[in-house]
Amino acid sequence: MRTITLEEHITTERFIQAMAGTSAARGPIAEYMQRINSLLLDMGAGRLAAMDAGGIDMQVLSLGGGGTNSLDAALAAEICEDANQQMAAAVAAHPNRFAAFVALPAQDPQRSADMLQTWVGRGFKGAFISGTVGGKFLDRPEFFPIFEAAQALDVPVYLHPAPPPPPVFNAYFSDLEPPVDFMLSTSAWGWHVETGLHSLRLMASGLFDRLPNLKIIVGHMGENLPYSIARADAVLSRGIGNKLQRSIQQCFVENFWITNSGYFTIPPVRCALEVVKPDHLMLSVDYPFSKPEQGTQWLDDLRSILPEADIERIASGNAAKLLKL
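If you look the protein chain up in an unreviewed UniProt entry, it shows as Amidohydrolase family protein from Terriglobus aquaticus.

Next comes the structure, spelled out in structure tokens:
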């Protein structure tokens, strides 16, 4: 059975240097990233060996580390262009093992739209954006050119978490002892609910009325949305009424795809499959923050609840169709 994973991260020396001047370069996140950067930098033999050992046939590469959204627009564009060039080189060297998402300087939406068109023309499979941009959510009209370009090109936008903006961290987590403050603000809880909120804001804004064929990917078993979407739909419908052409839940079911990325237990899958069909669920590992073998073990565990045909779609078929691999 072929396996394709979609939330598999890289970094570059240029990105590491740029982030050294930000608040993310201090404290637990910096210490953690220093330990893992060697794996993120490797887009060759070491990464391929890990994939082989874990039974992963193809990774779709993306710039990790929270993205460039907190940087100056010109610097972000420079870093994204460098990252895209490095990912393109990795794909060219190993076309059967790697594909890539475009890293975008979302601070400059029109430049991002142009960059997306350029790199999709060179074979990239969609856009990858991490978190808010300068504290702004992407439902603001200024970011519309990015989504407009994605729909026109018929490629998805992968909406990925990032550490919370400083005001959010200070309000919710600053009274906690390290490293609990960092962990709760990111992968233990904070960035999942923020990305779920981000997705709900996109849906409530009417974005999918304007762009009905726009495709969004979210990771981590749907960023808590499968569990909460019916409640969110019911409550929001009281305020939005007939302002939207489709309900919030319809937008989620039709315009969103989910990867498991770092979620390797069965209960969240059961919940997701009560909301979305198996053809909107895809395998991811979240490499190198999780190990490839965790992803393939998860596929084996799915045999307790799903037929083999559905597992094959989740393992690779859905990604191959969505990304035209």
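After that view, the rundown keeps rolling.
Undergrad: I tried to follow the overall build of the protein chain on my own but got confused; where do I start?
TA: A count of helical and extended segments in the protein chain gives 16 helices and nine strands. Expected size for 325 residues packed as a compact globule is a radius of gyration near 20 Å; at 19 Å, the protein chain falls within 12% of this value. Its C-alpha atoms give the protein chain principal-axis dimensions of roughly 50 × 45 × 45 Å. Burial status across the protein chain gives 54% buried among its 325 residues. Considering only residue pairs separated by 6 or more positions, the protein chain has 79% of its internal contacts joining residues 24 or more positions apart. In the structure as shown, the protein chain presents an accessible area of about 13,700 Å², 53% of it carried by carbon and sulfur atoms. Averaging the locations of the 25 positively and 34 negatively charged side chains of the protein chain gives two centres separated by 5 Å.

Undergrad: What is the right way to read the sheet that holds strand S3 (residues 98-100) from this model?
TA: Strand pairing in a sheet takes place through backbone hydrogen bonds and is either antiparallel or parallel in direction. One open sheet holds the three strands; their spatial order is S1-S2-S3, and the pairing between them is parallel. Of all strands in the sheet, those with a lone pairing partner are strand S1 (4-10) and S3, marking the two edges. Neighbour to neighbour, the strand axes of the sheet diverge by 35° on average, direction disregarded. On the sheet, helix H16 (residues 308-323) packs against S1 and strand S2 (58-63) and is oriented at approximately 70° with respect to S1.

Undergrad: It is not clear to me how the packing of aromatic side chains should be interpreted in this structure. Could you clarify?
TA: In this description, an aromatic ring pair is defined by two values, namely the gap between the centres and the angle between the planes. Evaluated as defined, the whole model comprises eight aromatic pairs. Taken together, a centroid distance of 6.0 Å and an interplanar angle of 45° make the contact between Phe-169 and Phe-173 tilted. Note on Phe-252 and Phe-256: the rings are 5.5 Å apart at their centroids and 40° apart in plane angle, and the pair reads as tilted. Phe-252 gets classed as buried once you look at its relative accessible area, which sits at 0%. Through pairs of rings, three or more aromatic residues link up here, namely Phe-101, Phe-128 and Tyr-158. A cation sits over an aromatic face here: Arg-122 above Trp-119, 4.6 Å from the ring centre. Here the guanidinium or amino end of Arg-210 rests over the ring plane of Phe-144, the centre of that ring lying 3.7 Å away.

Undergrad: Mind showing me how you'd approach the UniProt feature "domain: Amidohydrolase-related" (unreviewed entry) in the protein chain here?
TA: According to UniProt, the positions carrying the feature "domain: Amidohydrolase-related" (unreviewed entry) are residues 46-325. Structurally, residues 46-325 comprises 53% helix and 10% strand, and the distance from its first C-alpha atom to its last is 23 Å.

Undergrad: Explain the packing of helix H3 (residues 45-54) against helix H15 (residues 292-302) here, please?
TA: Any two packed helices are characterised by how steeply their axes cross, that is the angle between the axes, and by the distance between the axes. The contact between H3 and H15 brings their axes to 8 Å, and the two run at 25°. In terms of orientation, H3 lies roughly parallel with respect to H15. Seen along the crossing, H3 lies across H15 with a hand that is right-handed. Note on element contacts: H15 touches H3 through Pro-292, Glu-293 and Thr-296, opposite Ala-50, Met-51 and Gly-54. Counted by class, the contact of H3 with H15 contains three nonpolar, two polar and one charged residues.

Undergrad: I keep staring at the sheet that holds strand S8 (residues 256-259) and nothing clicks. Help me out?
TA: Read from one edge of the open sheet, six strands run S4-S5-S6-S7-S8-S9, paired in parallel fashion. The open sheet has two free edges, formed respectively by strand S4 (102-103) and strand S9 (281-282), since each of these has just one partner strand. Pairing of S4 with strand S5 (residues 127-130) involves two bridges; the strand directions are parallel. Within S5, the residue paired with Val-102 across the bridge is Ala-127.

Undergrad: Would you mind going over the side chain of Ser-261 with me for this structure?
TA: Along the polypeptide, Ser-261 turns up in the loop between S8 and helix H14 (266-273). Judged by its relative accessible area of 0%, Ser-261 falls in the buried class. Those residues within four positions of Ser-261 in sequence are excluded, and the remaining contacts are Glu-7, Tyr-158, Gly-219, His-220, Ser-284, Val-285 and Asp-286.

Analysis parameters
Residues numbered from 1 in each chain as written. Predicted model: local features only at pLDDT ≥ 70, side-chain atom pairs only at ≥ 80, totals over all residues. Heavy atoms only, no water. Helix = DSSP H or I, 4+ residues; strand = E, 2+ residues; numbered from the N terminus. Rg over C-alpha atoms; globule rule 2.2 N^0.38 Å. Buried < 20%, exposed > 50% of the residue type's maximum accessible area, 1.4 Å probe, protein only. Contact = heavy atoms within 4.5 Å. Areas by Shrake-Rupley, 256 points an atom, 1.4 Å probe, with all protein chains shown as cover. Lys, Arg positive; Asp, Glu negative; His and termini not counted. Charge placed at Lys NZ, Arg CZ, Asp CG, Glu CD. Pairing = 2+ DSSP bridges. Axes fitted to C-alpha atoms, helices over the stretch in contact; angles between N-to-C directions. Phe/Tyr/Trp six-rings, centres within 6.5 Å; stacked < 30°, edge-to-face > 60°. Lys NZ or Arg CZ within 6 Å of the ring centre and 35° of its normal. UniProt positions renumbered as here; feature names shortened; annotations may be inferred. Parallel < 35°, antiparallel > 145°, perpendicular 65-115°, else oblique. Left-handed = near helix turned anticlockwise from the far one by under 90°. Nonpolar A, V, L, I, M, F, W, Y, C, P; charged D, E, K, R; others polar.

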